Amino acid sequence: MAESESGAEKSEEPTAKRQQDARKKGQIARSRELNTLAIVLGGTAGLLMFGGAIGQKILDVMTENFDLPREILYNERYMSLNLLAAAKHASEGLAPLFLLLLVASIVGPIALGGWLFSLESLAPKASRMNPAAGLKRMFSMKSIIELLKALGKFLVVLIVALLVLSSASEDLFNIANEPLELAILHAVQTIGWSSLWMACGLILIAAVDVPFQLWDSKQKLKMTKQEVRDEHKDSEGKPEVKGRIRRLQMEMAQRRMMSAVPEADVVITNPTHFSVALKYDENAGNAPKVIAKGSDHLALKIREIANEHQVVLLESPALARAVYYSTELDEEIPAGLYMAVAQVLAYVYQLRQYHAGKGKRPDSLNDLPIPEDLRRDE
């Protein structure tokens, strides 16, 4: 089990913030063996795909440089032109191989850990220039593991190389008896296949190294219980984080509240400073609930939504203030306001009947019964 510098046991999985911070510092899993495998496989694949073209270009260079008329040898200008032509043939033959190697050198590192460019990992560190720290790293467990990996890689490649050379020995001896052109093409092909088989030997090393690097990277990022608590405290305790959380909560609550206004039976207003929307469910048999409330700008928004959805607006400053200060959102009104709110709901019912042509217009509400302990001044 991993331990921190203080000796505490690192038993907790790394948090998302810990992983994000480590990635910013360039501390992600990387495998040198996977990179080497990708480059070697890319190079051998390039030899097999473009070996014929490379061999032909070599023949062109040899033909142009080893079969020269006598009079040209004394022409200094021709020698420079011949050098440029040879460079052109060589670059044309090797360009596809170099391009494939470039792609392999990029794909290999990002295959494990993804693409990452970190300026922090490029910054100089004094600890890297400390001789004592350097000696400690040289004799650390990681250095021993790297040494064992290097020895293992050497032995695997050596064994595969001996097997390949043993199986291809006849081809190698036959090359000496072939014409020059065929010998060059045959040699390139033999080298390509031999390199491919030796590269396949590296697959075993990479198959062991990649899981180890993933495990090692995870172990380094593990945290102690105290580190988890401290990180949670730091992230949650920051004023800007708390403020942002509160703003998001308020915005969500306001959106939910505004969506409930069209379902209200009545909106009681101050008329300008306060607005409270009440909903009464006859089937439930409970007291009316406050489904939306607000002051100033929010009160104006509630009135606008109520007008848009033809919800009854009732001006009653004393009752609006009493409900606003005594009742929280989604709560039932207090018992002291039952009588006043009942008169309001009866008025709303009669008003609806009047608009439907089924009754006379109700009288305006005046002096609603509001207990003194629930009354609030502006």
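Quick caveat, the model's predicted, so the values are computed rather than measured. (Residues numbered from 1 in each chain as written. Predicted model: local features only at pLDDT ≥ 70, side-chain atom pairs only at ≥ 80, totals over all residues. Heavy atoms only, no water.)

Visitor: Explain the packing of helix α2 (residues 32-66) against helix α3 (residues 76-110) residue by residue, including any values.
Guide: Running from N to C, α2 and α3 point in directions that differ by 170 degrees, and their axes come no closer than 8 Å. In terms of axis orientation, α2 runs roughly antiparallel to α3. Taken together, the residues that form the contact of α2 with α3 break down as 19 nonpolar, 10 polar and 4 charged. (Axes fitted to C-alpha atoms, helices over the stretch in contact; angles between N-to-C directions. Helix = DSSP H or I, 4+ residues; strand = E, 2+ residues; numbered from the N terminus. Parallel < 35°, antiparallel > 145°, perpendicular 65-115°, else oblique. Nonpolar A, V, L, I, M, F, W, Y, C, P; charged D, E, K, R; others polar.)

Visitor: Requested: an account of the UniProt feature "transmembrane region" (unreviewed entry) in the protein, with residues and values cited.
Guide: According to UniProt, the "transmembrane region" (unreviewed entry) feature falls on residues 34-54, 97-119, 147-168 and 196-215. Counted over residues 147-168, helix gives 95% and strand 0%. Its end C-alpha atoms are 31 Å apart. As annotated, residues 196-215 comprises 100% helix and 0% strand, and the C-alpha atoms at either end are separated by 29 Å. (UniProt positions renumbered as here; feature names shortened; annotations may be inferred.)

Visitor: I'd love a proper account of the nonpolar core, names of residues and values included.
Guide: Counting 26 residues, the largest nonpolar core has V266, I268, L278, L319, L337 and V344 as the members making the most contacts within it. Counting only elements with at least two residues in this core, the list comes to β1 (266-269), β2 (274-279), β4 (312-315), α12 (317-326) and α13 (338-355). At 7 residues, the largest contribution of residues to this core is made by α13. The contact partners of L278, leaving out residues within four places of it in the chain, are A264, D265, V266, I268, K289, V290, V323, I333 and V341. The next biggest cluster of nonpolar side chains, apart from the first, holds 13 residues, and it includes M258, A260, V261 and V267. (Core = buried A, V, L, I, M, F, W, Y, C linked by side-chain atoms within 4.5 Å. Buried < 20%, exposed > 50% of the residue type's maximum accessible area, 1.4 Å probe, protein only. Contact = heavy atoms within 4.5 Å.)

Visitor: Lay out α2 in plain terms, naming residues and giving numbers.
Guide: When the terminal C-alpha atoms of α2 are compared, their 43 Å separation across 35 residues is substantially less than the 51 Å that a helix rising 1.5 Å per residue should span. For α2, the principal kink sits at F50 and spans about 70 degrees. Within α2, the full set of buried residues consists of E33, L34, L37, G42, G43, T44, G46, G51, I54, G55 and L59. Tucked into the core, α2 has its buried residues touching α3, α6 (141-167) and α8 (180-221). (Expected span 1.5 Å × (residues − 1). Bend = angle between axes of the 7 residues up to and from the residue.)

Visitor: I'd love a proper account of the pattern of salt bridges, names of residues and values included.
Guide: Pairing is possible between side chains of opposite charge, provided their charged atoms come close. If you walk through the whole model with that rule in mind, you get 5 salt bridges. A salt bridge links E92 to K57, with the shortest nitrogen-to-oxygen separation between them at 2.9 Å. Note that E92 is positioned in helix α3 and K57 in helix α2, a separation of 35 residues in sequence. For E92, a relative accessible area of 35% corresponds to the partly exposed category. Across the pair D216 and K220 runs a salt bridge whose closest N-O atoms are separated by 3.3 Å. Here D216 and its partner K220 are both found in helix α8, 4 residues apart, which amounts to about one turn of the helix. (Salt bridge = Lys/Arg side-chain N within 4 Å of Asp/Glu carboxyl O.)

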